[in-house]
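The primary structure of each chain is shown beneath.
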Amino acid sequence: MGKRKGKCVKRNSSTKQAAEPEHVVKAPHSFVIHRGNCSKNLMDLTKDFRKIMEPFTASQLKERKKNTIKDFLSVSGYLHVSHMMVFTETELGTYMRLARLPRGPTLTFRVQNYSLARDVVSSLRKQYVNARAFQNAPLIVLNSFSGEGMHMKLMATMFQNMFPTINITNVKLKNIRRCVLMNYNPTTKLIDMRHYIIRAIPVGLNKGVKKMVQGKIPNLNRCKDMSEFFDKAALLSESEYEEDATNQVTLPQSLATRGAAENSQSAIRLVELGPRMSLHLIKVEDGLMDGEVLFHELVEKTDEEKALIKKKREEKRRLKEKRKSQQDENVKRKQKEKEDLKQKALEGIKKKKELTENQRLSELADAEGQEPEDDAVYYRQEVGAEPEPDLFSRNPSRKRKSDGTDEPRGFKKMRLDKKLNKKYQNKNEKSTTRATDRDSRNRQHGGGKFQNSDSRNKRAGGKFNKFNKLGNSKSKGGKSKGKQRK
């Protein structure tokens, strides 16, 4: 049993592309965009034209100002896009460019006048819009495109190739539900474009039966019985007339319309969907939006001017090829330099890795085996005099006594009561030492406490006050220390 595919694989466009049928891949796809500063009506016309090209068009395409024709051309091959319609607007008028991808030709039309789809539908008395009709490509109908000139044949071929071809042997009539009519007027040289939906109405039936077959709800207010509704044709609207025999056809296949069965008589009706456009061919170019002008309606050049333009175009093309070749060479040179630099870096890394662990350990051992230089000798060499004896001497008493073990010594925990006892014991020892020192000094001066104080008083020349303390004798003027200082 094979492995199940996840959601990402199912949604991947590459897998969908492989699953597309052959007739969908070969069908002509299109881009319909607008460029430059366009009005709101022209943007709506672009959307309506996308509805005409359904379903093989990018209906939700979001174009931006920074996008160029090359951006759309780069993705056209992947999406099987074969045609591009570009709408532009200037002060002189509105234009439409029809280009064949990827290398032309390009036809430029001036849009003389147009009507949007919403305006066309709102003008109809009976509006009929079916969303299912846009699931299949329309039928293209060309009228009066047999005029003289290569530009007429080229224009007819471009219009035909915009839509998929129809194989008469295996075509299904229920899939043909729309048509696009192109009518060329040789007098005005204008192309009138119309967009219709195709309906098949059964004929040869009573009007009441026809309404029931088509699924319309009849008004039975004036009828006592259902049979009375089918018998009385006067109750129906007088506007509903029977179609002419020229519009009636025998259907070889059954259609999706009610009552349009196989081998039945039906009348073909066209309901306009819009938009309407009147086009005038202005110019035909050989390339994609830029190339040799094959036909121009307004400007006619001489053979010398054509030769000069052709020469300039050839020079421009050669210069472009030369720049392109130089750019390719520069890219290759930079790529080669990058590879060389990368190889050098890899070689340097390899050389560093070639140093073994033993060599590095030997270097470290050699560095540790060197005896440190004596500081006293260095001082004599630099200063030129003998150093003081205590300058470089080491105090051996400050060294920590080693226990003969190389393990690091930890901190010893001490209980709180021991800590306090040690603290007070130190205080008592200090106080006793101070007292013994004081007594020894007093004995040296000849006696006890009072005798020592008397001797000090005699030596100092002072007197005892009432508190039996030594005090200085106050003179009469001793209150003012400032005066005594003066």
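Worth saying up front: this structure is predicted, and the values here are computed from it rather than measured.

### What about the environment of Val 25?
- Structurally, the position occupied by Val 25 is in helix 3 (residues 22-26).
- Using a relative accessible area of 28% as the deciding quantity, one classes Val 25 as partly exposed.
- With residues up to four places along the chain from it excluded, the contact list for Val 25 reads Glu 20 and His 80.

### Remarks on the nonpolar core
- Core analysis: the biggest nonpolar cluster contains 33 residues, and Phe 49, Phe 109, Phe 145, Met 155, Phe 159, Ile 191 and Met 277 have the highest contact counts within it.
- Mapped by element, the contributors of at least two residues to this core are helix 4 (40-52), strand 2 (81-89), strand 3 (94-100), strand 4 (106-115), helix 7 (150-161), strand 6 (178-185), strand 7 (190-202) and strand 10 (276-285).
- At five residues, helix 7 tops the list of elements feeding residues into this core.
- Aside from chain neighbours lying at most four places away, what touches Phe 145 is Met 152, Met 155, Ala 156, Phe 159, Met 182, Asn 183, Tyr 184 and Ile 191.
- Counting residues in each nonpolar core, the second largest holds ten residues, with Phe 31, Ile 33, Met 84 and Val 86 among its members.

### Describing the pattern of salt bridges
- Going through the model one piece at a time under the given rule, you end up with eleven salt bridges.
- Measuring nitrogen to oxygen at the nearest pair gives 3.9 Å for the salt bridge that ties Lys 283 to Glu 285.
- Between Glu 337 and Arg 333 there is a salt bridge; the shortest N-O distance is 3.4 Å. Of this pair, Glu 337 and Arg 333 both sit in helix 10 (residues 303-354), four residues apart, which is roughly one turn of the helix.

### Some thoughts on the packing of aromatic side chains
- Per the stated rule, a full pass over the model turns up five aromatic pairs.
- With 6.0 Å between their ring centres and 65° between their planes, Phe 31 and Phe 72 make a pair best called edge-to-face. Residue Phe 31 is located in strand 1 (residues 29-34), and its partner Phe 72 is located in helix 5 (residues 69-76); the two are separated by 41 residues in the primary sequence.
- By relative accessible area, Phe 72 is classed as buried at 7%.
- Through pairs of rings, three or more aromatic residues link up here, namely Phe 109, Phe 145, Phe 159 and Tyr 184.

### Remarks on the pairing of strand 3
- Of all seven residues in strand 3, five are buried, a share of seventy percent or more.
- Where strand 2 and strand 3 come together, seven bridges link them in antiparallel fashion. Pairing of His 83 across the sheet is with Arg 100, part of strand 3.
- Between the end of strand 2 and the start of strand 3, which pair antiparallel, lie four residues.
- Looking at chain direction, strand 3 and strand 4 are connected through six bridges and run antiparallel. Each bridged residue has a counterpart across the sheet, and for Arg 97 the counterpart in strand 4 is Thr 108.
- Counting the residues in the hairpin turn of strand 3 and strand 4 gives five residues, including Gly 104, whose phi is positive at 90°.

Reading guide: rules and limits
- Residues numbered from 1 in each chain as written.
- Predicted model: local features only at pLDDT ≥ 70, side-chain atom pairs only at ≥ 80, totals over all residues.
- Heavy atoms only, no water.
- Helix = DSSP H or I, 4+ residues; strand = E, 2+ residues; numbered from the N terminus.
- Buried < 20%, exposed > 50% of the residue type's maximum accessible area, 1.4 Å probe, protein only.
- Contact = heavy atoms within 4.5 Å.
- Core = buried A, V, L, I, M, F, W, Y, C linked by side-chain atoms within 4.5 Å.
- Salt bridge = Lys/Arg side-chain N within 4 Å of Asp/Glu carboxyl O.
- Phe/Tyr/Trp six-rings, centres within 6.5 Å; stacked < 30°, edge-to-face > 60°.
- Pairing = 2+ DSSP bridges.

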